[in-house]
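So the chains spell out like this:
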Amino acid sequence: MSLFAGPETPSTGLTGSPLDRADHLRRDPAQMIALRSRPDARWLVLDDLKPLMTAESVLFWAYRSDLPHAALSVFLGLTPEGAPRFAAATLAHELIAENGGKLMDARAAAQLLGDGRAAILAHARSLLAWHARHGHCSVCGAPTSVSKAGYARTCPACHAEHFPRTDPVVIMLAVHGDHALVGRQPGFPPRFFSALAGFVEPGENLEEAVARELHEEAGIFTGRVRYLASQPWPFPSSLMVACFAEAKGVELTLDFDELEEARWVTKDDVRAALDGSGDWLAPPPMAIAHTLLKAWVES
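Residues numbered from 1 in each chain as written. Predicted model: local features only at pLDDT ≥ 70, side-chain atom pairs only at ≥ 80, totals over all residues. Heavy atoms only, no water.

(A) Summary view of the side chain of H123. With respect to the helices and strands, the residue H123 is situated in helix 5 (residues 117–133). Once residues lying within four places of it in the same chain are set aside, the contact partners of H123 are R21, L76 and Y151. (Helix = DSSP H or I, 4+ residues; strand = E, 2+ residues; numbered from the N terminus. Contact = heavy atoms within 4.5 Å.)

Below, the structure is given as structure tokens:
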């Protein structure tokens, strides 16, 4: 059997960026200066991690001259035509006054964007959020400075280098026969259900995290685990890893601090929820939980 036999890995929201991240250029300060000075360079503006959108609800790309000199800037990559793209964390009220547009919550904005532009926004937001939280060295406490075009921070006191981190999160659909398990957290909108999820803890692999989270939150034991797909989730810095898990039983014992309600649903139930005609609401297409549910009903 071929090593790659079986279905294709489904595409997920917030992926498919058209930019070449050009790692070889990040390490060259002279190259970065040259790229920032090019007339085709543009900056994606985020104010309090909210992207500036045009009146037509597309990303606003600013010129270098539009930005304060001291604005935090990170390199995103090169367009297919080779044009440099950056992101900047700065106040946007002057740009809005001059050009129109509006600030928008990044999740809401991403749902309006296609053609890989939501992935660009996710990339920018995650990097800028990391810089906002890591201004001091975790080794000695001294202020750090941006290096490697925004992909590291360097401590001038102890010379430690700090790099952006991604936190792995398993999101899983437990399946028992013709039923799958969905749940809702206390803070979810009314009628909204999703797949269960939780952070991977130190010293465990993905399969162990899936089994632990399902047992902790829902009281069920599981067997085999199958990977489906993954998705960056920049709120602020997670990587969602979607899996199916083979449930060994259907009796539930909920952790009510984590789950307000959970239920076993059929494929018809999920189809109705996905098309908006069910008695509960499914996650939107941007979320990998939507991909997980859709893959199950199509299996």
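So, next bit.
(B) Structural detail: the nonpolar core. In this structure, L44, L121, I171, L173, W280, L292 and W296 are the most contacted members of the largest nonpolar core, which totals 49 residues. Per-element tally for this core: the top contributor is helix 5, with seven residues. Residues within four places of L44 in sequence aside, it is in contact with L59, F60, W61, F86, A87, A88, I120, L121 and A124. With 19 residues, the next largest nonpolar core counts L181, L214, V241 and C243 among its residues. (Core = buried A, V, L, I, M, F, W, Y, C linked by side-chain atoms within 4.5 Å. Buried < 20%, exposed > 50% of the residue type's maximum accessible area, 1.4 Å probe, protein only.)

(C) Fine view of empty space enclosed by the protein. Counted according to the given criterion, the structure contains one cavity of 30 Å³ or more. Roughly 40 Å³ of internal volume is contained in the largest cavity. Looking at the largest cavity, the residues that line it are L14, A106, A110, A118, L121, A122, R125, P234 and F235. Where the lining of the largest cavity is concerned, the elements lending two or more residues are helix 4 (106–110) and helix 5. Top contributing element to the lining of the largest cavity by residue count: helix 5, with four residues. Classifying every residue of the lining of the largest cavity gives eight nonpolar, no polar and one charged. (1 Å grid on protein atoms, 1.4 Å probe; cavity = no way out; pocket = protein on both sides within 12 Å on 5 of 7 lines; lining within 4 Å. Points joined across faces, edges and corners; volume = space filled by probe spheres on them. Nonpolar A, V, L, I, M, F, W, Y, C, P; charged D, E, K, R; others polar.)

(D) Main features of the pairing of strand 12 (residues 196–199). Side chains L196 and G198 project from strand 12 onto a buried face, and the interleaved A197 and F199 project onto a face without burial. Sheet topology note: the strand 10 (residues 167–176)/strand 12 ladder contains four bridges and is antiparallel. By the bridge assignment, V169 is partnered in strand 12 with F199. (Pairing = 2+ DSSP bridges.)

(E) Expanded view of the state of the cysteines. Scanning the model with the defined rule gives zero disulfides in all. Looking at the unpaired C155, the closest cysteine sulfur is the one in C140, lying at 3.5 Å. (Disulfide = S-S within 2.5 Å.)

(F) Geometry of the pattern of salt bridges. Under the definition given, this model contains 13 salt bridges. R184 is the salt-bridge partner of E260, the closest N and O atoms lying 2.8 Å from each other. Here E260, found in the loop between strand 14 (238–247) and strand 15 (261–265), pairs with R184, found in strand 11 (residues 179–184); they are 76 residues apart in sequence, far enough to count as distant. Judged by relative accessible area, which is 40%, E260 ranks as partly exposed. Judged by relative accessible area, which is 7%, R184 ranks as buried. Residue E246 is joined to R224 by a salt bridge in which the shortest nitrogen-to-oxygen separation is 2.7 Å. With E246 in strand 14 and R224 in strand 13 (residues 222–233), this pair connects stretches of sequence that are 22 residues apart. Note on E246: relative accessible area 32%, which makes it partly exposed. Its relative accessible area of 63% is what places R224 among the exposed residues. Connected through salt bridges with shared partners, the residues E201, E204, R212, E213 and E216 form a single ionic network. (Salt bridge = Lys/Arg side-chain N within 4 Å of Asp/Glu carboxyl O.)

(G) Layout of the layout of surface pockets. One number sums up the size of the largest pocket: a volume of about 750 Å³. Taken together, 33 residues form the lining of the largest pocket, with Q185, F188, A197, W233 and M240 sitting closest to its centre. Of all the elements in the fold, those that place two or more residues in the lining of the largest pocket are strand 10, strand 11, strand 12, helix 6 (206–218), strand 13, strand 14 and helix 8 (288–297). If you tally residues by element for the lining of the largest pocket, the top one is strand 12, at four residues. Its residues assigned to classes, the lining of the largest pocket comprises 19 nonpolar, seven polar and seven charged. Counted as a void, the second largest pocket has a volume near 390 Å³. R21, H123, S126, T166 and P232 are, among the 21 residues lining the second largest pocket, the residues nearest its centre. The set of elements that each furnish at least two residues to the lining of the second largest pocket consists of helix 5, strand 13 and strand 14. Looking at the lining of the second largest pocket element by element, the count peaks at seven residues for helix 5. For the lining of the second largest pocket, the residue count by class is 11 nonpolar, seven polar and three charged.

(H) Geometry of the environment of H123. Overall, the relative accessible area of 10% leaves H123 in the buried class. At 2.8 Å, the side chain of H123 and the side chain of Y151 are in polar contact. (Polar contact = N/O pair within 3.5 Å; in protein donor to acceptor, adjacent residues only side chain to side chain.)

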